[in-house]
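# Descriptive structure summary
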Amino acid sequence: MLRRPKPTDSEEDLLREQQRFLSSSALKRPDKRRGEEGTGDHEDPQEDPRDVVKMSDLPDEIPSLTPAPPKKSRFKKEHVRFEDDDPEDHLNRHDMHISAVLSRIIERDTSTVPVCLPVLTGTAFPKVMRRSHAAEQVSEKYIQILPNKLFVGGPLLVSGQGLGSSDAAQETMKIHQENQARLQEMSQEEILEEQRKLLHQLDPMLVDFVRSQKTRKLCGSPAGSSSTHPNLPIKVEKKWVHMDKGENNAWQYFLTLHTCVCLCLRTHLPTHLGLHHHGEDPELAGYSLQELFLLSRSQVTQQRVLALSILANIITKAHAGAFASDLKGSILLTLLDAGLLFLLRFSLDDSVEGVMSAAIQAMRALLVSPGDEDALNTTFPWFLGMYCFPLLPTTKEEEDEEDEGIGEFTKETANEKEERKSDHDVARQDMVKGLLKMKLLPRLRYILEVVRPSPRVVLDMLELLVRIARHSTSTATQILDCPGLMETVMAEFLPISWAPPSSAVPSLYERPVAMAIKLLRVLGTAGRHICARLLNSLGGKERLSRLLVVEPQELMLETEEAFQCSTEAFRLWAVAASYGQSCSLYGDLYPVLVNALQSVNQSQMSTDHALLSLMLQRAQAILVLLTQVTHTAGCHEELSQGAESLPPPPVTWAHVAGLQPTVKGLLKASQKRLGDAGQTEASILYLVFFGLLTQRCSLSQSSFKPIECLQELESLTSEVLLPLQSHQVVQKMMYSLRTYSAICNSHSCIPGSELVPSLPGLGFFGEKTHPSLSDPASPFPLLTALCYLLNSVIAIHRGLITKVLCFTLWLQYMQACAQSRPTLSHCSPLQLRHEHHLLYLLLRLAHRMVPVDPDVAKYASLFHQVALVMLPSLQPGSEYMAHELMSVIIFNQDFIPECISGGPEAAALAELRLQEGFSTPQAPPLAPLLREVCLQLSSVRGCYLTHLAYCKPAVLSSRDTHLGRTPWVQSLLLPNLSLGPALPSDWPFLPLISLYERMGRSDGGGVQTDSLPAGSLVSVIYCLQWHLLLESWREGSLAMVPPVAKLARLACIFLSSSDLFLEPPVQRLMWALFGGLTRPAKLAGLDLTTPPPGLASFHDLYSALLDQFEAVSFGDELFGCFLLLPLQRRHSVTMRLAVFGEHVGLLRSLGVSVQKLPIPLENYILPPEDSLPLLWLYFRTLVMKSLRRAWCPVLYSVAVAHVNAFIFSQDPAPQVCITFATQDCRIHHNCIYPTHCAALLHKHTIYTQTMPCQVRLKNTNT
């Protein structure tokens, strides 16, 4: 296709394109043969004085400018002329004069046509006929005229109106019968073959038309009318003009206007499909992103709206992963780099409401994840499901170079740095902060208050505010502090009184909106002070009471909206009660709550599944509220004693104790109908609430009656717990745990291709390819609630320990968890958190059952392995669970059966049997070391808990969250995920790292001390003992720690002090651990190119070790073996160059013998060295006697082997320059290796310089 000229083309480009056009093979010279010669039609072009452009090979017809199929004329063959034709006869045949027309008039036979008289009407003028009405009446007239038998037994497509016979219907039926008789004579194969031939010959468009006509006539509906489309984007009101009849074709065209399809650049589509436009590349179909950005700045309003709407759909499809298979990379990152965020923000400032609406739609598609919101709503009623993570980016900001060398008091704060940054820099790191910096909130307030857009736009804006509130506490505070924003939301979408909704003009103003109440709830989760401002300063408590006091059917709203508003109102009250606030409403609304609680079972009898789901969500919100009120009532007695400065809450235990019989009855009823719809979700809340009542009743409550409580627990176990565990539904859930587990299925947490670092989410964007924990069929919520109730029962009644739980059903799931390697990321925080709750409760049950149940004690090592795997993967906010695991399970001898059942002896035998050809002669026997560890486990636990004392504030805050101490809870937002896990993955080395940081290195900016702090030696010994135990019996628990990190952590012992590594206990343990690191399997997995955690590179650490060895080693063999380990041939040459180039002096004291080296010597010799600078250093140290066999046997053997291999190799060697810098060196008489030097000189040509001690060797082969 020839290129269309562009405005940027030069004159040379135009001439070049003209030449291509003239030389194109598609053009032909003009031929004016319109008549015969001599008739005067042909004139000599030379006599024409005009300037005529002559083009050769110009066709007679204008070529088609589109690739559409050429049109065929039905009358073209009638215009063919021959040379022998008489012009007069030709004119007579084609005479169109009026006389010729009137002479051939033939009247149509109208004898059989019925005469229809006009219908008399009382109106003066005829009725106005619209297109749809006219088509409908015409179609109805055809239906009345045609006989019914044509639709039943006659032809479906032919009516016979074109036949000349007076009885067209009989002729049509006769033809139809003949066709039927012929078809009956043919077989099925022949009919299909003829059908295929006919379809192949006919035009596909004609075939589609015939089939559509057949379908319409069979259905009995005329072609011009259609029923209302079931999937309309809007709800059609009855009073809308001319909207009583829907038109499917029009709606389908409307729905396909904004369909986004990714087209390849090589895709060639016909231009008549309507996908082409006048852009820079008009031959390409569709819009490019650059053209959409250009179209969004058009002066035409409709074009701006179209561009923003298409961008919104592109973003939605990108989030859903629709472009993952067609595009490489992320289309969202491309859009953001092109300035999409600023485009949407500028479009919000447009004065046209349509542009603002389209911009809000696109911004909502970019920021809001419907999957994340659905997951948070689903997990809200779960155990500790009210708490959620802030959606903060995990990218760390780079430190400014300007702050280097500035004192702490003169440095800028984080807020000052952020204010100094540009909008682009802030948005690139954090999209929500960038929008807030661009004054998004005041603009949204203006649109809500002044513009008052349509309902869909209002909901989009409220969802945007919800997403911004989920970002962090600071953004929630900014929403609350924005002038007029929350006042507008409260006044317009949460009024105290409102009128019934009218169907005239749909509007969400001056009526309760569920999304607005959800915004208040999400804002309340950001902190107790924000929640108090919402309820008191903004009048939220009065507006909340208006929605809580009546049933949803009495709210004068639509049924769905009424239930959603009531549900969100109870959730908001539950959030307030989680801080101990608004509990005074509990006494006022107690009859309403009890009535709603008792009507839960009756509501589940509904046959309407949509209504049942809404009623169930409301019942769950009520039970969550009662749970938080019970937590608050349980703290009343503690606060009444005056131990804290906080005032006691207005609810006491007597206010909630009466709910226990009601909940117990509901629990029994739900257990009997567990397989029915909605019973599983209801049972979750019953179990959690009853477990809470049982737990709180026994904790420092003056009304606690032990004997009655034990009898009630025995009754509960026999009537509810045991039948519930043996229920088929519950056992099926236990077997399906692995399927829905995020720990066992790491692929379910893999982030998508459209992950934006500046806009994190919870990983629920797009289609679900794997079953997740938040699915409706997930077994985790019910089983977690069941384990919570079992823990509460066993903690009070110890006699039920062996009766209430069968661990056999859980073993398959726990074995899979013990072999997994979960990782903390932004794509799995919600799933991992709730699964950790289940594992923690199971381990607490195991802690109580292992000492008393021999059948459970057989799996103690499995429980210990699960706890060790779970510990480093706990998320921020789970510090209390980590503390409890370390206190009762990790260092508990009951969970390490190897300490009792001959584990040390078995380890010693395994060490003798699995030496794999190489042993560590200095390493002591493992059996005494492990036996000593088993005797000191309690001291080891105290050592680690002491070093974790810096986590005490986080542990106390997590304890208040986990135990429901509502007066002390400050926020329902958990700590930021960017802080990392609750414990680092290398927590077993924590005492070593702490000692290294306390001692401080001179090159690290700290203060280096000469003496060790008190108790440091004991802490180091306990740390090494625990590490030895894990390496011997729980090797899988350290799989998350790479070997290079283990080596770096053990090296801290040499760098922390000048004589710590010389202590005999440290020497014994270090030799044992070094022997484990030097096994062939471990050596093969050691990768020193990967930087250890906390270090820039391993080479920096190794340089510090070399300096320390030269200073304080005294030739220690243990220290020497650690230095020799990175010098293997497979590791980087930079460390060998550092030893032989910068630290030659340590070769005098590195006296580790070949026999004492636990690493095979072949690892240092093979393959031959190919680094010429290192070979020269080897040769120099040998010639200059810096390296001797008596001083450094290992490296002496290595240097000799590599120099030998280089000298006597048969391969051509490149040019090498060797310089002897010692005056005593003379090749001819003072060389200590004459054989090697002679061979070296024989292989190379010598070029001497002026100094006699310098020799330059050049390869003779080059």
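- An unreviewed UniProt entry lists the protein under the name RNA polymerase II associated protein 1, from Denticeps clupeoides.

## As for the overall build of the protein
- Looking only at helices and strands, the protein has 59 helices and 2 strands in total.
- Counting the 1262 residues in the protein, one finds 45% classified as buried.
- Across the protein, every contact between residues at least 6 apart in sequence was considered, and the portion connecting residues at least 24 apart equals 76%.

## Quick word on the side chain of Thr630
- Among the secondary structure elements, Thr630 is positioned in helix H30 (residues 609–634).
- With residues near it in sequence (within four places) discarded, Thr630 still touches Trp653, Val656, Phe689, Leu692 and Leu693.

## What about the side chain of His837?
- Summarising the element assignment, His837 is placed in helix H40 (residues 829–849).
- On the basis of relative accessible area, His837 is assigned to the buried category, the value being 2%.

## Considerations on the nonpolar core
- Grouped together as the largest cluster of nonpolar side chains are 320 residues, with contacts concentrated most on Trp573, Phe807, Trp810, Ile890, Leu1024, Trp1026 and Leu1195.
- Here the element with the most residues in this core is helix H38 (residues 780–796); it accounts for 12 residues.
- Discounting chain neighbours no more than four positions away, the residues touching Trp810 are Met734, Leu737, Leu783, Cys787, Leu805, Leu838 and Leu842.

## Some thoughts on the state of the cysteines
- Under the definition given, this model contains 1 disulfide.
- Each disulfide pairs two cysteine sulfurs, and for Cys899 the partner residue is Cys934, the sulfurs being separated by 2.5 Å. Across the S-S bond linking Cys899 and Cys934, the dihedral sits near -70°, which makes this disulfide left-handed. With Cys899 in the loop between helix H43 (879–890) and helix H44 (903–913) and Cys934 in helix H45 (residues 926–935), this residue pair connects regions lying 35 residues apart in the sequence.

## Some points on the pattern of salt bridges
- The tally for this structure, following the rule as stated, stands at 33 salt bridges.
- One salt bridge connects Glu373 with Arg470, and the closest N-O pair in it is separated by 3.0 Å. Here Arg470 lies in the loop between helix H20 (455–469) and helix H21 (473–481) and Glu373 lies in helix H15 (residues 370–379), a separation of 97 residues in the sequence. Pair check on accessibility: Glu373 and Arg470 agree, each one buried.
- Between Glu1169 and Arg1129 there is a salt bridge, with the nearest N and O atoms lying 3.8 Å from each other. Of this pair, Glu1169 sits in the loop between helix H56 (1162–1165) and helix H57 (1172–1183) while Arg1129 is found in the loop between helix H54 (1117–1124) and helix H55 (1133–1142), placing the two residues 40 residues apart along the sequence.
- Each member of the salt-bridge network shares a partner with another, and the members are Arg364, Arg456, Asp460 and Glu463.

## What about the confidence of the model for the protein?
- Across the protein, the average pLDDT comes to 78, with 71% of residues at 70 or higher.
- Mean pLDDT across the elements of the protein bottoms out in strand E1 (residues 1244–1248) (34) and peaks in helix H23 (residues 514–524) (96).

## Some remarks on H40
- Its 21 residues give H40 an end-to-end C-alpha distance of 30 Å, which sits within 8% of 30 Å, the value for a rise of 1.5 Å per residue.
- The buried fraction of H40 amounts to 20 of the 21 residues, a majority that puts the element mostly inside the structure.

## What to know about H23
- Counting buried positions along H23 gives 11 out of 11 residues, so the element sits mostly inside the fold.
- Of all the residues in H23, the buried ones are Ala514, Met515, Ala516, Ile517, Lys518, Leu519, Leu520, Arg521, Val522, Leu523 and Gly524.

## Remarks on the packing of helix H46 (residues 937–947) against helix H48 (residues 990–999)
- Interaxial distance between H46 and H48 falls to 10 Å at its minimum, and their mutual angle equals 45°. By the angle between their axes, H46 is oblique relative to H48. For H46 against H48, the interelement crossing comes out left-handed. Along the contact surface, H46 presents Cys943, Tyr944 and His947, while H48 presents Leu990, Pro991 and Ser994.
- The residue inventory of the contact of H46 with H48, partitioned by class, reads 4 nonpolar, 2 polar and no charged.

## Observations regarding empty space enclosed by the protein
- Applying the stated criterion across every chain yields a total of 16 cavities of 30 Å³ or more.
- Empty space within the largest cavity amounts to approximately 220 Å³.
- Along its surface, the largest cavity is lined by 19 residues, and Leu384, Thr627, Gln628, His631 and Val688 are the ones closest to its centre.
- Every element with two or more residues in the lining of the largest cavity is listed here: H30, helix H34 (679–697) and helix H47 (952–963).

## Some thoughts on unusual backbone geometry
- Geometrically, the link from Leu1166 to Pro1167 is a cis peptide bond, its omega value of -10° lying close to zero.
- By the secondary structure assignment, Pro1167 is in the loop between H56 and H57.
- A positive phi is found at Lys439, a non-glycine position, where the angle reads about 60°.
- Despite not being glycine, Arg452 shows a phi value in the positive range, around 55°.

## As for the packing of H43 against H47
- At a minimum axis distance of 7 Å, the contact between H43 and H47 shows a crossing angle of 100°. Accordingly, the angle class assigned to the pair H43 and H47 is roughly perpendicular. Listed contacts from H47 to Glu879, Tyr880, Met881 and His883 of H43 are Ala954, Val955, Ser958, Arg959, His962 and Leu963.
- A breakdown of the residues in the contact of H43 with H47 according to their chemical character gives 5 nonpolar, 3 polar and 2 charged.

## Here we look at a nonpolar patch on the surface
- A cluster of nonpolar side chains, Leu198, Leu202, Leu206 and Phe209, forms an exposed patch at the surface whose accessible area comes to about 360 Å².
- Position of Phe209 relative to the elements: it lies in helix H8 (residues 204–219).
- Note on Phe209: relative accessible area 48%, which makes it partly exposed.

## What to know about the packing of aromatic side chains
- Enumeration over the complete set of coordinates arrives at 19 aromatic pairs.
- What links up through ring pairs into an aromatic cluster is the set Phe1054, Phe1061, Trp1071, Phe1074, Phe1109, Phe1119 and Phe1122.
- The ring of Trp968 carries Arg965 above its face, with NZ or CZ at 4.0 Å from the centroid.
- Directly above the ring of Trp1191 sits Arg1148, whose terminal nitrogen or CZ lies 3.9 Å from the centroid.

## Quick word on the environment of Pro1043
- Structurally, Pro1043 can be placed in helix H50 (residues 1043–1056).
- On the accessibility criterion, Pro1043 (26% relative accessible area) is partly exposed.
- Residues in contact with Pro1043, not counting those within four places in the same chain, are Gly1085 and Leu1086.

## Thoughts on the environment of Val207
- Inspection of the secondary structure assignment puts Val207 in helix H8.
- A residue is classified by how much of its surface remains accessible, and Val207, at 12% relative accessible area, is buried.
- Aside from chain neighbours lying at most four places away, what touches Val207 is Leu199 and Leu202.

The rules we used
Residues numbered from 1 in each chain as written. Predicted model: local features only at pLDDT ≥ 70, side-chain atom pairs only at ≥ 80, totals over all residues. Heavy atoms only, no water. Helix = DSSP H or I, 4+ residues; strand = E, 2+ residues; numbered from the N terminus. Buried < 20%, exposed > 50% of the residue type's maximum accessible area, 1.4 Å probe, protein only. Contact = heavy atoms within 4.5 Å. Core = buried A, V, L, I, M, F, W, Y, C linked by side-chain atoms within 4.5 Å. Disulfide = S-S within 2.5 Å. Salt bridge = Lys/Arg side-chain N within 4 Å of Asp/Glu carboxyl O. pLDDT = per-residue confidence, 0-100. Expected span 1.5 Å × (residues − 1). Axes fitted to C-alpha atoms, helices over the stretch in contact; angles between N-to-C directions. Parallel < 35°, antiparallel > 145°, perpendicular 65-115°, else oblique. Left-handed = near helix turned anticlockwise from the far one by under 90°. Nonpolar A, V, L, I, M, F, W, Y, C, P; charged D, E, K, R; others polar. 1 Å grid on protein atoms, 1.4 Å probe; cavity = no way out; pocket = protein on both sides within 12 Å on 5 of 7 lines; lining within 4 Å. Points joined across faces, edges and corners; volume = space filled by probe spheres on them. Patch = residues over 30% accessible without salt bridge, like charges linked within 9 Å, V, L, I, M, F, W, Y side chains within 5 Å. Areas by Shrake-Rupley, 256 points an atom, 1.4 Å probe, with all protein chains shown as cover. Phe/Tyr/Trp six-rings, centres within 6.5 Å; stacked < 30°, edge-to-face > 60°. Lys NZ or Arg CZ within 6 Å of the ring centre and 35° of its normal.

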